[in-house]
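Observations on the three-dimensional arrangement
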Amino acid sequence: MYTPSARQGTFFLVVVLLLVSILLEQAIAALCPWLSQLGGVRPMIVFLDIPLEAPLNIDWLPVGFIFIIFYSIVGGKGTFRRGWAILGRWWLLLIFLLIGGGIYSGLSGFLPKTIRNGIQSFGMRADLTLPYPSGETVHLQGSMIMLVFFILGWRLLINKAAPPAVATPPPPPIPAETALPYRGRIAMRIPEPVEVKSPDDRRCVYVSMPAGFQRKHPSYPCIVEDGIKPAGFFRSLEA
């Protein structure tokens, strides 16, 4: 599952690359007019039954290939193969628009006029220019229905363009010798022992405890010939 930041970054990347691809294709089409004969789509946003046409006619085939080239460069290593899958989703988006327009065209004759007006009042439309030699223009109607199918196709495109999820390895477990059972498991590091001299020249090893773990009357272990005795043991003998 992708993180929200990754999805948001992918969304803006795809939008920017698509805009750059469309603008670059328009510049190339001005030098090569035959590109416009490959067919294209002119989308338009409809708000309150007022269509706002896009100033550019999107030549679907050249824009798709230019987008794949840019995405493979910007996306980094391993994105070229996924770029061909994105190209398939790019054409699937166009198919979804055709399906939305076809559904409305088939149902419009059976719908009341008020429902038709409501569907056409908000959403998107598109003018589809067929490739050469036909060159005819097909007006795709059904604003709300086409908007729903466009969103579905766009989601499929974004999901395919999103980078694959990378599983992060879990943190290493805390060794048992470095954890204490004090209000749960708390990792700690025992300081190195310090050798000191007792008054009777016995070698004593003082181990300092971390803050919060020191006792009121700590006993410091002393190393003697017959083992390790707490420092209080020798003080009791001297007393």
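Being a predicted model, the structure only gives us computed values, none of them experimental. (Residues numbered from 1 in each chain as written. Predicted model: local features only at pLDDT ≥ 70, side-chain atom pairs only at ≥ 80, totals over all residues. Heavy atoms only, no water.)

Some thoughts on the overall build of the chain
Each helix and strand in the chain was counted, giving six helices and ten strands. Counting the 239 residues in the chain, one finds 29% classified as buried. Sequence-distant contacts in the chain: of pairs separated by 6 or more residues, those separated by 24 or more amount to 53%. Element-wise, carbon and sulfur atoms account for 67% of the exposed surface of the chain, whose accessible area totals about 16,000 Å². (Helix = DSSP H or I, 4+ residues; strand = E, 2+ residues; numbered from the N terminus. Buried < 20%, exposed > 50% of the residue type's maximum accessible area, 1.4 Å probe, protein only. Contact = heavy atoms within 4.5 Å. Areas by Shrake-Rupley, 256 points an atom, 1.4 Å probe, with all protein chains shown as cover.)

Re the sheet that holds strand β1 (residues 40–47)
Here four strands make up an open sheet; going across it, the order is β2-β1-β3-β4 and the pairing antiparallel. Edge positions in the sheet fall to β2 (50–53) and β4 (137–140), since each of these pairs with one other strand and no more. Within this sheet the neighbouring strands show an average axis-to-axis angle of 25 degrees, counted without direction. Two elements, β1 and β2, share four bridges in a ladder whose sense is antiparallel. Residue Val 46 lies in a different strand from β2, and its bridge partner there is Pro 51. Strands in contact with helix α5 (residues 143–161) are β1, β3 (122–129) and β4; relative to β3, the strand with the most contacts, it is inclined by about 80 degrees. (Pairing = 2+ DSSP bridges. Axes fitted to C-alpha atoms, helices over the stretch in contact; angles between N-to-C directions.)

Describing the packing of helix α4 (residues 113–120) against α5
Viewed as axis vectors pointing N to C, α4 and α5 meet at an angle of 45 degrees, and their least axial separation amounts to 6 Å. In terms of their interaxial angle, α4 and α5 are classed as oblique. Along the contact surface, α4 presents Gly 118, Ile 119 and Gln 120, while α5 presents Ser 143, Met 144 and Ile 145. Here the residues of the contact of α4 with α5 are counted per class, giving three nonpolar, three polar and no charged. (Parallel < 35°, antiparallel > 145°, perpendicular 65-115°, else oblique. Nonpolar A, V, L, I, M, F, W, Y, C, P; charged D, E, K, R; others polar.)

A closer look at the side chain of Gln 120
Structurally, Gln 120 can be placed in helix α4. Under the relative-accessibility criterion, Gln 120 is labelled buried at 12%. Filtering out sequence-adjacent residues up to four positions away, Gln 120 remains in contact with Val 46, Asp 49, Tyr 104, Arg 125, Gln 141, Gly 142 and Ser 143.

Section: the packing of aromatic side chains
This structure, assessed with the given rule, holds six aromatic pairs. Ring plane angle 75 degrees and centroid distance 6.3 Å describe the contact between Phe 47 and Phe 122, whose orientation is recorded as edge-to-face. Residue Phe 47 is found in strand β1, and its partner Phe 122 is found in strand β3; the two are separated by 75 residues along the sequence. The partly exposed category is assigned to Phe 47, whose relative accessible area is 48%. (Phe/Tyr/Trp six-rings, centres within 6.5 Å; stacked < 30°, edge-to-face > 60°.)

Regarding unusual backbone geometry
With an omega dihedral of 15 degrees, the bond running from Tyr 132 to Pro 133 counts as a cis peptide bond. Positionally, Pro 133 belongs in the loop between β3 and β4. At Leu 48, a residue that is not glycine, the phi angle is positive and equals roughly 55 degrees. Secondary-structure assignment places Leu 48 in the loop between β1 and β2. Note on Leu 48: relative accessible area 63%, which makes it exposed. Located in the positive-phi region is Asp 49, a residue other than glycine, with phi close to 65 degrees. Checked against the element boundaries, Asp 49 lands in the loop between β1 and β2. Classification of Asp 49 as partly exposed rests on a relative accessible area of 46%.

Describing the confidence of the model for the chain
Per-residue confidence for the chain gives a mean pLDDT of 74, with 62% of residues at or over 70. Scored below 50 in pLDDT, residues 182–186 shows seven contacts in the model against residues more than four places distant or in partner chains. In the model, residues 231–239 has pLDDT below 50 throughout and makes seven contacts with residues more than four positions away in sequence or in other chains. (pLDDT = per-residue confidence, 0-100.)

Brief notes about the pattern of salt bridges
The tally for this structure, following the rule as stated, stands at one salt bridge. We note a salt bridge from Asp 49 to Arg 125, for which the minimum N-O separation is 3.4 Å. Remark: Arg 125 occurs in strand β3 and Asp 49 occurs in the loop between β1 and β2; sequence separation between them is 76 residues. (Salt bridge = Lys/Arg side-chain N within 4 Å of Asp/Glu carboxyl O.)

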